[in-house]
Amino acid sequence: MKWLMVVLAVLVAIAVGIYVLDVANLIDVKAFMINRLTKWSVTSSYLETYRLGLEEENFLQERKEELTFLADELATKEQDLVLQQEQLYRKQQELDSLTKNLERDKLALEQQRTQLMSIKSDSEKLKVEATLLSEMETKSILAILDNLPEDKQISLLANMDQDIVTNLLESMEAAKAAQLLPEVSELIEGR
């Protein structure tokens, strides 16, 4: 029994020494053991399966890291696309607003153009009427003017020759002439 203890102590000392040398990276016990076990026919197939499993595990880990990286990239791109979509939506809203404003302005301009054309047409008609009236006798002109509204009378008088207007105002009743004269003068000066 005494020798058994000595042998056991020597084996423990050798094991501790090998462990210390392995921790200090002076020897590679694992590689040595694997090398020895691979040469032994009983364990070689198990070790080959273990080695293939380790390689497969490393391969799967690399693929998992690549997929994680790609997933992060896709998430970043998705966020970028969402931001771009929001920007495009805002720009579309602005364009829609501008289009509505342009349509409204176009309609307003068209209405103004129609009004101006109407005013121009009315003005030309007044000039023609004033010219026709100017060719009549004073009494006929006064009779026609008496049947027209006051604003029409003023417009017609403003479009006639000043000598004819003066003659007509002199021929009218003084109160009516005094009433029409300032407004007729204002329209004549406004041209």
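Thresholds, definitions, all that
- Residues numbered from 1 in each chain as written.
- Predicted model: local features only at pLDDT ≥ 70, side-chain atom pairs only at ≥ 80, totals over all residues.
- Heavy atoms only, no water.
- Helix = DSSP H or I, 4+ residues; strand = E, 2+ residues; numbered from the N terminus.
- Rg over C-alpha atoms; globule rule 2.2 N^0.38 Å.
- Buried < 20%, exposed > 50% of the residue type's maximum accessible area, 1.4 Å probe, protein only.
- Expected span 1.5 Å × (residues − 1).
- Contact = heavy atoms within 4.5 Å.
- Patch = residues over 30% accessible without salt bridge, like charges linked within 9 Å, V, L, I, M, F, W, Y side chains within 5 Å.
- Areas by Shrake-Rupley, 256 points an atom, 1.4 Å probe, with all protein chains shown as cover.
- Salt bridge = Lys/Arg side-chain N within 4 Å of Asp/Glu carboxyl O.
- Lys, Arg positive; Asp, Glu negative; His and termini not counted.
- Charge placed at Lys NZ, Arg CZ, Asp CG, Glu CD.
- Arc of directions from axis to C-beta.
- Core = buried A, V, L, I, M, F, W, Y, C linked by side-chain atoms within 4.5 Å.
- Axes fitted to C-alpha atoms, helices over the stretch in contact; angles between N-to-C directions.
- Parallel < 35°, antiparallel > 145°, perpendicular 65-115°, else oblique.
- Nonpolar A, V, L, I, M, F, W, Y, C, P; charged D, E, K, R; others polar.

Enquirer: Please explain the overall build of the protein chain as it appears in this structure.
Expert: Each helix and strand counted, the protein chain has seven helices and zero strands in total. Each helix and strand of the protein chain, placed in order from N terminus to C terminus, yields the pattern α-α-α-α-α-α-α. Taken over C-alpha atoms, the radius of gyration comes to 56 Å for the protein chain, far larger than the 16 Å a tight globule of 191 residues would show. For the protein chain, the C-alpha atoms occupy an extent of roughly 165 × 30 × 25 Å along the three principal directions. Classification of the 191 residues of the protein chain by burial places 11% in the buried group.

Enquirer: Whenever I open this one, helix α3 (residues 41–134) confuses me. Can you help?
Expert: Since one α-helical turn is 3.6 residues long, residues separated by three or four positions face the same way. In a regular helix each residue adds 1.5 Å, so 94 residues correspond to 140 Å; α3 covers 136 Å between its end C-alpha atoms and thus fits that length. By the burial criterion, the buried members of α3 are T43, L47, L126, A130 and L133. In the core, the buried residues of α3 are packed alongside α2 (29–39), α4 (138–146) and α5 (150–158).

Enquirer: Even after reading the chapter, I still don't get a negative patch on the surface, so can you show me in this structure?
Expert: Residues E150, D151, E183, E186 and E189 make up a contiguous surface patch of negative charge. Contributing elements (two or more residues each) for the negative patch: α5 and α7 (174–190). The greatest single-element share of the negative patch, amounting to three residues, is contributed by α7. Tracing the backbone shows E150 in helix α5.

Enquirer: Before we go on, may I ask you to explain the pattern of salt bridges in this structure?
Expert: Should their charged atoms come close, side chains of opposite charge can pair. Tallied over the full model, the rule gives four salt bridges. Its salt-bridge partner being E48, residue R51 comes within 2.2 Å of it at the nearest N-O pair. Here R51 pairs with E48, and both are found in helix α3, just three residues apart, close to one helical turn. In this structure, E66 engages R63 in a salt bridge whose closest nitrogen and oxygen atoms are separated by 3.0 Å. With E66 and R63 both in helix α3 and three residues apart, the pair spans about one turn of that helix. Several salt bridges share partner residues, and in doing so they unite E48, R51 and E55 into one network.

Enquirer: Would you explain helix α6 (residues 162–171) in this entry?
Expert: Turning to α6, its buried residues number three or more, namely V165, L168 and L169. Each buried residue of α6 sits inside an arc of 95° when the element is viewed along its axis, so together they form one side. The exposed set on the far side of α6, more than 90 degrees from its buried face, consists of D163 and E170.

Enquirer: I would appreciate a short explanation of the nonpolar core in the present structure.
Expert: General note: in soluble globular proteins, nonpolar side chains tend to be found buried as a group. In terms of nonpolar packing, the biggest core is built from 17 residues, with L145, L157, M160, L168, M172 and L180 touching the most fellow members. Aside from chain neighbours lying at most four places away, what touches L145 is Q153, L156, L157, L168 and M172.

Enquirer: For this particular structure, what's the right way to read the environment of E124?
Expert: Mapping E124 onto the fold places it in helix α3. For the pair E124 and N159, spaced 35 residues apart in sequence, the C-alpha to C-alpha distance is 9.8 Å.

Enquirer: How do you make sense of the packing of α4 against α6 when you look at a structure like this?
Expert: How two helices pack is summed up by the angle between their axes together with the distance between the axes. Put simply, α4 and α6 touch, their axes get as near as 10 Å, and they point 75° apart. One finds that α4 runs roughly perpendicular with respect to α6. Of α6, the residues touching α4 (which contributes T138, I141, L142 and L145) are N167, L168 and S171. When grouped by side-chain class, the residues that make up the contact of α4 with α6 number four nonpolar, three polar and no charged.

Enquirer: Just checking my understanding: could you explain the packing of α2 against α3 for this structure?
Expert: Closest axis-to-axis distance for the α2/α3 pair is 5 Å, and the angle between their directions is 120°. As judged from the angle between their axes, α2 and α3 are oblique. Across from I34, L37, T38 and K39 in α2, the residues of α3 making contact are S41, T43, S44 and L47. A class-by-class count of the residues in the contact of α2 with α3 yields three nonpolar, four polar and one charged.

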